[in-house]
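# An overview of the molecular structure
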Amino acid sequence: MSSLTLEVNGQATRLQVDSHRLLVEVLREQLGLTGTHVGCDTSQCGACTVLLDGAPVRSCTLLAVQAEGRKVTTIEGLGGIGAERHPIQQAFIDCHGLQCGFCTPGMIMSTAALLQHTPNPSQEQIEHALEGNLCRCTGYVNIVAAVKQAAATLAQGTKP
Amino acid sequence: MNTPVAQRFGSGQSVRRIEDPALVAGKGCFTDDVSLPGQTFLALLRSPYPHARIVAVDSAAALALPGVVAVYTGADLLRAGLKPMASQPMFPGPGGAKAPQTPRHALAVDEVRFVGEAVVAVVGTTADAARAGRDAVFVDYEELPNVVQLDDALADGAPKVWADAADNFAAEARHGDAQACDAAFARAAHVVALELVNQRLAPASLEPRSVLGSFEDGRVTLRMSSQMPSGVRDTLCNAVFGWPTDKLRVVVGDVGGGFGMKTGAYPEDIVVAHCTHALQRPVKWVAERSEEFLSASHGRDIRSQAELALDADGRVLGLRVHTQANVGAYATATGVVIQLLIGPWVTTSIYDIRTIDLKLQAVLTNTTPVGAYRGAGRPEAIYIIERLMDAAARQLDMDPAEIRRRNMIRPEQMPYTNAMGQTYDSGKFESVQTQALALADWAGFDARAAESKQRGKLRGRGLASFLEWTGGNVFEERVTVNVSGDGFIEVYSATQAMGQGIATSYAQLVVDVFGVSIDKVRIVQGDTDRGSGFGSAGSRSIFVGGSAIQVASKRTVEKAQGLAAEALETAPQDIEYVEGVFRVVGTDRKIGLFELAARQADHQVFVDSTSAVQAPSWPNACHICEVEVDPDTGVVEVASYASVNDVGRAINPTIVVGQLDGGAVQGLGQALCEQMTYDRGSGQLLSATLMDYALPRVDLVRSFKTRLDQSTPCLTNPLGVKGVGELGTIGATPAAVNAVIDALARAGAGERAAALQMPLVSERVWSALHGRPA
Amino acid sequence: MNPFAFHRPASVPAALQLHGAHDDARYLAGGQSLLPTMKLGLAAPSDLIDLSLLPGASGIARDGGSLRIGAMCSHAAVAASADVQASLPALACLAAGIGDPAVRTRGTLGGSLAHADPAACYPAAVLGLGATVQTDRRQIAADAFFTGVYETALQPGELITEVSFPLPARAAYLKFKQPASRFAVVGVFVSQGPQGVRVAVTGAGPRVFRATAFEAALAKDWSARAVEGLAWPADGLNSDLHASAAYRAHLIGVLVRRAVAQAA
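Residues numbered from 1 in each chain as written. Chains lettered and ligands numbered in written order. Predicted model: local features only at pLDDT ≥ 70, side-chain atom pairs only at ≥ 80, totals over all residues. Heavy atoms only, no water.

### Structural notes on the interface of chain B and chain A
Bring the parts together and some accessible area is lost; that lost area is often taken as the interface size. On the chain A side, the residues contacting the 53 residues of chain B number 51 residues. Across the chain B to chain A interface the summed buried area is about 4100 Å²; carbon plus sulfur atoms make up 58%. If you sort the residues of chain B by the area they bury against chain A, B:Val24, B:Leu206 and B:Val698 come out on top, with a joint share of 19%. Viewed at the interface, chain A and chain B are joined by seven salt bridges. The shortest N-O distance in the salt bridge between A:Arg28 and B:Asp33 comes to 2.8 Å. Linking chain B with chain A are 23 residue pairs in polar contact (both at pLDDT 80 or more), by the criterion used here. Where the side of chain B that touches chain A is concerned, the elements lending two or more residues are α2 (20-24), α10 (289-295) and α19 (653-672) of chain B. Here the side of chain B that touches chain A gets eight residues from one element, more than from any other, and that element is α19(B). Within the side of chain B that touches chain A, the residues separate by chemical class into 25 nonpolar, 13 polar and 15 charged. (Contact = heavy atoms within 4.5 Å. Buried area = accessible area lost by both parts, 1.4 Å probe. Salt bridge = Lys/Arg side-chain N within 4 Å of Asp/Glu carboxyl O. Polar contact = N/O pair within 3.5 Å; in protein donor to acceptor, adjacent residues only side chain to side chain. Helix = DSSP H or I, 4+ residues; strand = E, 2+ residues; numbered from the N terminus. Nonpolar A, V, L, I, M, F, W, Y, C, P; charged D, E, K, R; others polar.)

In structure tokens:
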């Protein structure tokens, strides 16, 4: 066990973790942030996607200790319910971009990363950004529509 | 009800889903999101062999490890009185002989029959401890000969999966009239014959199976990711443990996709229940993805010799199909009935084909048992007839739409009873196809093909016109409606959400009847203490479950109307109900719905209602796919996809389209990239991770043109709805395959293309195009 | 995953010392290859030595006719680098196509080369450009670096610090992806530069290799035409669930032609 200090969703956080614990395990089990999901064991499905200093990472393929001193943002940190909802989350609702919701937090976090550096993404850029996020329910088209709507909303400056 | 509220939030509107706010915020409640104090973890040691005798199990080293709480073997469960799950009861063996029994123990007893079969259960205080314990158990196996492929299972002298199953046949069914069919073929002007493989698939919901057992008040509660909580409870209580059904409660929160794979009870469910009961502490099991590939039920896996007899004008005289279904190591009730009966129900589809000869055989192999997967028998059946139709069109040099049109059942033939005795209530098949041809700009194909050619691509088009059977054969549903004096209406349904948005659609139906705003409606599911039912499968939730909710809601308004009459001291017929208010007609004496409820002795107006729809619904559609093939590599890309779908009535059109398009992508996955492959010889599953099992990704389809035809409501349920959950999957596979064959045929490789089997991966397509051995 | 001791050295000598001190230590760069291997139980090191604090390991710099890229540069950093895009766009493109965005955030050049997956992309670039791998103790030429299936010329404990890519006149990389893993079924890197013509092929064989017959033809005439009708033999190529050796051989020809046309 060693001490880990990092920022999670804007909050300074200090934890005792075993070095072999994955970030996703620490988020879900020690911090109770169960919005980040585990969907596979070969680092491919993207359901565990969070932001590390704003960049998308697979929290299942990162040791918690590798996040020492870094900023982690999970779906809970992006936005919440009602007035706290983020435009990306709203766009997914508006465009029917989710069905069972299991892949959704990962999709939304990948979208957040994309729109941060590519505020007006083309179809190709959206596909490139989401190629590491699997969805079995929606067939993806509404997810892409949601990303486009979110981009438009954010461009209007509705929310920083 | 045509009130302003109903117009905005009632059925027919694309109301935003009430499920979504929590899910997009990461505040869903999937089974693994819940943890209980004192929780232990279950790890399962699984067979590394496809077929072996269990000689001995040594768990001493495991038990000595810190954190290991208990170890159970199949023998332990037998000693504790658990019974195995019975094999299919419905069909005889080959030639009418008694069907072999393939009882399935939760943990293998004496013999393992597929790689991944659960053998030993280890419970630990942490997941790490459980896994360490699992790795420390030593099982002494004596390997036995195995068969994983159909041909090998059926070969002379093949190793037997079960001693009692001669030639590895589990069950057989024949339908139709062989003699009449032979006569039809004898007089036919044309005969089309195809060998068709419908390959084994992994349903691969993103959320793996998860079960959390807990022990309270002397009984076990299982929280699990399941489509059929009552079914799981009943199987475990009645068939396995011998418990009264009130001794087990099954609760379901959010389910991350089911697709049929999460229907029915699994060995793992039984193991968790047993461990929980024995240890009287919470036990959690969450499948790892590779574990899920190995032990969650697989889909499809049939091989068919299919023949169509036609007259000179392209009218079908007879249909003959001989199918062998690889059902895996156990002849489960679901796996067998899907191929032997349910698929056959729709084999003649929308066509007026009176003469059939169907022979279906379930074959055992040392592979994971096959179960329901989106469509469950109907994709296999529709694939056969739609491939035959296209092959016939090619052979007779007819337009593929025209040959179908000539054979379609006409609206004036409704209700139509098909050769399998199934009665379709409604359907305008030609109209649906005509609309789809226009939507897809079928007539403009040549111009697009020329443009594709300029970019060096071969373009092809394929269509599938078809219907499907829905309902799961269970038409009754029980619903409770509770109008609470606290200002909300709570409806309990034993159908089960798994992503298909039924809570929203149900709420819309409640709004229709009650005229209250949708935020006052709560839809509750997933608790066997609250109610039992068949659950969600076979696209039954809206047309059966929703109809029951509408009936129950109306009964509740009627009951409340009587209570309002008492409260307002008048006769019920003098009361009118509008948007939440009971009013004495022609006066301003009124009482609000919730106010009325608050006045009742138990602060509510409660109705427990059971009702039934009359019959399956028969959704039908025409799906048209255009593909581009890269002749240098064989890569297939979907260039366009259009469909017209007779869904009867759409309660929430956006949700319905989402089901069709999401389902279509699964169907395209089967056509183009998915395959579960076992290694002949070693019997190992080669496609056991996402590194080797290719699921569709975001770049598979860019857009869909999806139209809902609501002109032909279903006549056998009060909503007029036809179930849509599986329709898209069923249509996409043949539409895409027909398109690829068309592309290759236009390039002169039609014969080789017709011999292609799915998935149409690039090497197979390239080999067919260039005449190389695949 | 089995437990291990986790170290975070602040210098190369400290990293080397730690590696030498523990029998079963592994270096951890981005972890996108090592961690999945450990999760599957295929590797269980006693010690992990995290390289993320090593100074100067993430730089990208022009150096005369070469581009020097630090071993700890992420794929995302290489893809986004203005220097790489300007002077070696084929490499930026290659990096942008590795895995997916999450893999690219963490995966590193050094990690990829040390792991030497037979279907990885970077080995094709290193071999296809005739790059030089700089370690803590020597320089290793590309032609000597990749020695077998997941095998390199690196000695135990030897640490890659940077890679120097000679800038070509033109270059391109094309990858035919395995539909599930999206690794290269075949990946081809072609270049024409100070080292002449080089054609490196990944994914097709047990390790990345140079397609010398194609190189010879292209050296005479840099055009797709020059390699038309040239067939690479299937012998010795990989055959698996996703592609036969014969199909891989065919794809090599297709990708070389397309890469040459793209690199023009």
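### Some remarks on the interface of chain C and chain A
If you look at the interface, chain C gives 30 residues, while chain A gives 23 residues. In total, about 2100 Å² of surface goes out of reach between chain C and chain A, with carbon and sulfur atoms giving 55% of it. One can count four salt bridges joining chain C with chain A. Between C:Asp100 and A:Arg58 there is a salt bridge; the shortest N-O distance is 2.9 Å. Counting every contact that joins chain C to chain A gives 10 residue pairs in polar contact (both at pLDDT 80 or more). Breaking the side of chain C that touches chain A down by element, the ones donating at least two residues are α2 (34-39), β3 (47-50) and α6 (101-106) of chain C. If you tally residues by element for the side of chain C that touches chain A, the top one is α6(C), at six residues.

### Regarding the domain arrangement of chain A
Residues and elements named next belong to chain A. The assigned domain composition of chain A is domain 1 (2-78) and domain 2 (87-158). Between the C-alpha centres of domain 1 and domain 2 there is a distance of 21 Å. Listed per partner, the contact involves 18 residues of domain 1 and 13 residues of domain 2. Between domain 1 and domain 2, the buried area comes to about 1200 Å², and carbon and sulfur atoms account for 69% of it. Looking only at domain 1, the three residues that lose the most surface to domain 2 are His-37, Ile-75 and Leu-78, adding up to 40% of its buried area. Our count for the contact surface shared by domain 1 and domain 2 stands at zero salt bridges. Applying the counting rule to domain 1 against domain 2 returns five residue pairs in polar contact (both at pLDDT 80 or more). For the side of domain 1 that touches domain 2, the secondary structure elements donating two or more residues are β3 (49-52), β4 (55-58) and α2 (75-78). Considering each element in turn, the side of domain 1 that touches domain 2 owes the most residues, three residues, to β3. Residue composition of the side of domain 1 that touches domain 2, by class: eight nonpolar, nine polar and one charged. (Domains from an automatic or database assignment.)

### Let's talk about unusual backbone geometry
Residues and elements named next belong to chain B. Across the junction of Met-414 and Pro-415, the peptide omega takes the value -5°, indicating a cis bond. Met-758 connects to Pro-759 through a cis peptide bond whose omega is -5°. Its identity as a non-glycine residue notwithstanding, Asp-110 has a phi of 75°, on the positive side. The residue Asp-110 is located in the loop between α4 (74-79) and β4 (111-112) in this model. Unlike most non-glycine residues, Gln-280 shows phi in positive territory, near 55°. Mapped onto the elements, Gln-280 comes out in the loop between α9 (267-279) and β12 (283-286). Under the relative-accessibility criterion, Gln-280 is labelled exposed at 52%. (Buried < 20%, exposed > 50% of the residue type's maximum accessible area, 1.4 Å probe, protein only.)

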